[in-house]
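Listed below, chain by chain, are the residues.
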Amino acid sequence: LGEVAKVMFNQMKLLGGELFAFGIVLCDKDENVVEQWHGLGEGDMMTPFQVPVDLDYIHRYRYDQWKAGVELFSIEIPSDYIARHFELMFALPSVKMVMDDLKSKGIELAHPSWEIDYGASFRYGYLLVSSLQPYAEEKIFPRFAKVFEQAYTRFLDLQKAEAQTREAQIEAALEKVRSRTLAMQKSDELAGTAAVLFQQLISLGIEPNRLYIILIKENTADMEAWVTDEDGS
């Protein structure tokens, strides 16, 4: 998402915008915190950070507009308040980590003396355009939001499909372990069960050196271990 924000930042600048930053803000109607991804231009992007909805009236307004389903909105951050706005932001632990990361790369981020923020809503949040002057063609922002929403929805669908496939793989591996354990007739068959466990972990992309089944004997200091070799035998 940081890379996407960077691309959008550069494209909006090419279209004539004098931007300070561009952000993708992910929102949840049941949460009081938003997740922000920002591109700064010049090849820079910020790691994501979390901001309380009620940090100040600027954040509250933007969130409320998105929650109300307003397609395009804007709010000015006046020169007599903007220092306080960024002071509150920079004091947040997640934002402080981002600032420290930028400093380690030799990037110093100074806030502007004035800013106007545009928001273009989509299903999962809004695109945040932080401009150093009024944007002449602000009506294009919802078009960017629509294209992003379509692609992001596709991404989420693929992510969900991958998670479902992974869960099916895990269930199949568990069933093999379950079947092998239920088929045991005597305790020394635990060696074979350990081998099955080892192989199923390998099939899930986990690479154990060995696998141990440890039996704890009650009321004694003794343990019994059934162990695979490095090759899973």
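For the structure, see preceding data.
Keep in mind the model is a prediction, meaning the values are calculated, not measured. (Residues numbered from 1 in each chain as written. Predicted model: local features only at pLDDT ≥ 70, side-chain atom pairs only at ≥ 80, totals over all residues. Heavy atoms only, no water.)

A few words on helix α1 (residues 2-14). Under the 1.5 Å per step criterion, the end-to-end length of α1 is 19 Å for 13 residues, consistent within 8% with the ideal 18 Å. Remark: G16 follows α1 within two positions and exhibits a positive phi of approximately 105 degrees. (Helix = DSSP H or I, 4+ residues; strand = E, 2+ residues; numbered from the N terminus. Expected span 1.5 Å × (residues − 1).)

With respect to the helices and strands, Q200 occurs in helix α6 (residues 190-203). Take Q200: its relative accessible area is 13%, and that puts it in the buried class. (Buried < 20%, exposed > 50% of the residue type's maximum accessible area, 1.4 Å probe, protein only.)

With the exception of glycine, most residues fall at negative phi, and the peptide bonds are largely trans. The phi dihedral of N219 falls on the positive side, at around 65 degrees, and the residue is not glycine. If you trace the backbone, N219 turns up in the loop between β7 (212-216) and β8 (223-227).

Another aspect to go through is the nonpolar core. Ranked by size, the top nonpolar core spans 30 residues in total, and within it C27, V34, M46, F49, V51, L102 and Y126 carry the most contacts. Looking at this core, the elements that each hand over two or more residues are β1 (19-26), β2 (33-41), β3 (44-52), α2 (57-67), β4 (72-77), α3 (82-90), α4 (93-104) and β6 (125-131). Dropping the residues within four chain positions of it, F49 is found in contact with V34, E35, Q36, H38, M89, S94, V95 and V98. In terms of nonpolar packing, the next biggest core, distinct from the first, is built from 22 residues, I116, A120, V129 and Y135 among them. (Core = buried A, V, L, I, M, F, W, Y, C linked by side-chain atoms within 4.5 Å. Contact = heavy atoms within 4.5 Å.)

A word on the pairing of β6. Looking along a regular strand, one sees side chains alternate from face to face of the sheet. Burial analysis of β6 places seven of its seven residues in the buried class, the great majority of the element. The pairing of β1 with β6 spans seven bridges and is antiparallel. Within β6, the residue paired with L19 across the bridge is S131. In this sheet, β6 lies alongside strand β5 (residues 115-122) in antiparallel orientation, the contact comprising seven bridges. Paired with I116 across the bridge in β6 is S131. Remark: two residues form the turn of the hairpin made by β5 and β6, two consecutive strands paired antiparallel. (Pairing = 2+ DSSP bridges.)

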